[in-house]
Each structure stands twice: as structure tokens, then as C-alpha cells.
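# Understanding the architecture of this molecule
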Amino acid sequence: MARRISIELLVAIMIGALLGLLGPFDTYRLGIGPRMASWIFMIVAGFAIFRPTLTVSDWLGAELGLPGWVAGGVAIAIGSLPMTLLVTWLFTGFDLTRALHFAGLPVVYGQVLLISILTYSVYRVMFGADALVSPAPLVPTSRSNSETEAPHDLPQIPSRIEARLPAGFGPLLALSSEDHYVRAHAEQSTTLILIRLRDAIAELDPAVEGMQVHRSWWVARAAVDSHKRSDRALRLVLGNGLEVPVSRDRIADLKASGWI
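Each chain has its residues counted from 1, following the order in which its sequence is written. Since the coordinates come from a predicted model, pLDDT governs what is reported: local features require at least 70, and pairs of side-chain atoms require 80 or more to be given and counted, while whole-chain, interface and lining totals use all residues. Side-chain metrics rest on all non-hydrogen atoms present in the structure, leaving aside hydrogens and water.

## Re the overall build of the protein
In this text, helices come from DSSP runs of H or I with a minimum length of four residues, and strands from runs of E with a minimum of two, each type numbered from the N-terminal end. The helix and strand inventory of the protein stands at 8 helices and 8 strands. Only protein chains enter the area calculation, which uses a 1.4 Å probe; residues under 20% of their type maximum are buried, those over 50% are exposed, and those in between are partly exposed. Taken across its 260 residues, the protein has 40% of its residues classed as buried. Partitioning the intrachain contacts of the protein with sequence separation of at least 6 by distance along the chain shows that 56% fall at a separation of at least 24. Computed with a 1.4 Å probe, the accessible areas rest on the Shrake-Rupley method; for each residue, only the protein chains presented here act as cover. Roughly 14100 Å² of accessible area belongs to the protein as shown, and the carbon and sulfur atoms make up 62% of that amount. Here a residue-residue contact requires only that any non-hydrogen atoms of the pair lie within 4.5 Å.

Encoded structure:
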């Protein structure tokens, strides 16, 4: 998690530096030094405001059954309010009274909202649907300790998610995220479910041993036949021939768990 936040923060600094070079919204009138410092400060401050705001909105959206884009849009609109005040305070010489009574607050809010949407879009492209949101646990489930259970038997479909799948779907090999859907993979079939990956993982039976090996993939351990590397990328090869990408920050967990 710390590594993920560090990467996101580095991206924020890079975006701030780029905006500092471009100087949008008349900030090009400032010298290069103050302009770069101002934009990096504002984008990093925005990161500190929007990351927890988006995490909370993501949780509330899931509880209320709202689409991800609605919850995210509300979070950005709300987070832009304190960010607008912060930007105005910065450009009124750190005078809070002047900032609160600044006549151009609505214009500044619109500019902040635009920059926030563009910045969030960059994170979505780089990090996918979980951008600026706490990812699901690395190892959400664990296998039963029963010594009589064969270590590589494919798990049966968990009861909590069974109602979402077609009858006779078969043992579950993997789950993959596709926009607002999750694709369930079995030996000879797949199906789409209208659910987020983290929620689908939460519905897995505790007896099923598996791991979220990528932000868009959960895999049952018993489904893994082998693994292969291409350059520095690692892929798990499942029993049905499906190849699943592994995030670099998950490789250590796979090794520690004896998967590879």
C-alpha cells in the first residue's frame, strides 16, 4: 500500500511540474520558479484532499449501489470546494479573509474542477478503475486446513456468488474486472456479472484459497498450472490455458505463499 501511494504521489508531482511548465489560467505570468512551486504544491495538496475523499465516496457508492462514475463525480465536486479555497488563499497572499470574500471564487472553482477531472483521468488511465482508491486485500481468502482435501483440487463456486452465475457453470478459476463488470472464468466457459471486483472477492467462500494478483484479476490457487516470464513481466498460466498478468508488487506475495 505504501508503495502504491508513493507512486501516486510521484505522479502528482510530475503532473504539477508539467502544469508549472505550461502555466495555464494566467499563471504563465509568474516566474518559472514560483509557477512550478505553486503548481506542484497545489497538485500535491489536491492529492491529499482527493485521495481520502474518493476512497470514502467509493465505499458509500458501493453501500448505496451507485455507479462508480457517479460516486467519483460527487467526490470530485465536493473535494474541489476546499481545494478552491486553498488555491484562492494561496493567490491572495495567504489572507483567509480576502480568500473567503474573493469575487472570482466561482471561476476558480470551475478551474479547479477542470484540473481535478483531468488529473483524475490521468490516474484512471495509469491505475485503472481503482485509481486513488484503496485496493482490495492482496490475499482475501485462505484455504481450509483440512488435511484430507487435495491441495490442487479446483474449488467449487462459492455459495454467496453462486446465484450470480449460470447453472452448471463449473469450478471457478479466476475473476477479471471489465469496467463495471466482473468476468468469471471456468474451465470451458465465462460469464459477465454486474459487480465490482472487490465486491466479488468479498463474496468468495473463506475455504477458497486465492489471491488478487493484479488490480484487475483474482485467481484461485488450484487453477494455476504454471507461470512464465516475458522480459520482466510475470504471467500465471491457468488450467484452461488462460494467462493472467501479475503486478510487480504482487510477485513477492506469490513467492512468499509458495505459488511460484
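## Some words on the nonpolar core
Residues belong to a common nonpolar core when they are buried Ala, Val, Leu, Ile, Met, Phe, Trp, Tyr or Cys residues joined through side-chain atoms within 4.5 Å. Counting residues in each nonpolar core, the largest one holds 33 residues, and the members touching the most others are Leu 175 and Val 213. Of all the elements in the fold, those that place two or more residues in this core are β1 (174-178), β2 (181-185), α7 (197-202), β4 (210-214), β5 (217-220), β7 (233-238), β8 (243-246) and α8 (251-256). Top contributing element to this core by residue count: β5, with 4 residues. Sequence-distant contacts of Leu 175, that is, excluding residues within four places in its chain, are made with Val 182, Arg 183, Ala 184, His 185, Leu 197, Ala 200, Leu 204, Ser 216, Trp 217 and Trp 218. Among the nonpolar cores identified, the runner-up in size contains 21 residues, and Val 11, Leu 19, Val 108 and Val 112 belong to it.

## Here's the deal with the sheet that holds β8
For sheets, the rule is that strands pair by backbone hydrogen bonds, running either parallel or antiparallel. Pairing between two strands requires that DSSP report at least two bridges joining them. Taken together, the 3 strands give an open sheet; going across it, the order is β6-β7-β8, and neighbouring strands pair in antiparallel fashion. Looking at which strands have only one partner, the edges of the open sheet turn out to be β6 (224-230) and β8. Geometrically, the sheet is characterised by an average inter-axis angle of 30 degrees between neighbouring strands, direction not taken into account. The axes used here are C-alpha line fits, helices contributing only the stretch in contact, and every angle between their N-to-C directions lies in the interval 0 to 180 degrees.

## Some remarks on the pattern of salt bridges
Close approach of charged atoms allows side chains with opposite charge to pair. Salt bridges are identified by distance alone: a Lys or Arg side-chain nitrogen within 4 Å of an Asp or Glu carboxyl oxygen. Tallied over the entire structure, the rule returns 7 salt bridges. Among the salt bridges present, the one from Arg 221 reaches Glu 209, with a minimum N-O distance of 3.1 Å. Placement of the pair is Arg 221 in the loop between β5 and β6 and Glu 209 in the loop between α7 and β4, with a sequence separation of 12 residues.

## Focus on the packing of aromatic side chains
Put simply, two rings from Phe, Tyr or Trp (the six-membered ring, in Trp's case) pair if the centres are within 6.5 Å, and we call them stacked under 30 degrees between planes, edge-to-face over 60, tilted for the rest. Tallied over the entire structure, the rule returns 1 aromatic pair. For the pair Trp 89 and Phe 94, a centre-to-centre distance of 4.8 Å together with 75 degrees between the ring planes defines the contact as edge-to-face. Relative accessible area serves as the criterion here: at 28%, Trp 89 is assigned to the partly exposed category. When its relative accessible area of 51% is taken as the criterion, Phe 94 is described as exposed.

## Points about the confidence of the model for the protein
The score called pLDDT rates the predictor's confidence residue by residue, from a low of 0 to a high of 100. For the protein, the mean per-residue pLDDT works out to 81, and 83% of the residues sit at or above 70. Here residues 135-152 scores under 50 on pLDDT; set against residues more than four positions off or in separate chains, the count is 39 contacts.

## Regarding the environment of Leu 85
Locating Leu 85 in the fold gives a position in helix α3 (residues 68-91). Taking the C-alpha atoms as reference points, Leu 85 and Ala 99, 14 residues apart in sequence, are found 6.7 Å from one another. Each residue touching Leu 85, except ones within four places of it in the same chain, is listed here: Leu 96, Ala 99 and Leu 100.

## A look at unusual backbone geometry
The bulk of non-glycine residues show a negative phi, and the bulk of peptide bonds are trans. Backbone geometry places Phe 25, a non-glycine residue, at a positive phi of 55 degrees. Structurally, the position occupied by Phe 25 is in the loop between α1 (2-22) and α2 (32-64). On the accessibility criterion, Phe 25 (34% relative accessible area) is partly exposed. Of note, the phi angle at Asp 26 is positive, near 70 degrees, even though the residue is not glycine. With respect to the element layout, Asp 26 can be found in the loop between α1 and α2.

## What to know about the sheet that holds β5
Taken in spatial order, the 5 strands of this open sheet run β3-β2-β1-β5-β4, and their pairing is antiparallel. One side of each edge strand has no neighbouring strand; the edge strands of this open sheet are β3 (190-193) and β4. Mean inter-strand twist for the sheet, computed between neighbouring axes without regard to direction, equals 25 degrees. Bridge analysis of β2 against β3 gives 4 bridges, and the strand direction is antiparallel. Across the sheet, residue Ala 184 finds its bridge partner in β3, namely Thr 191.

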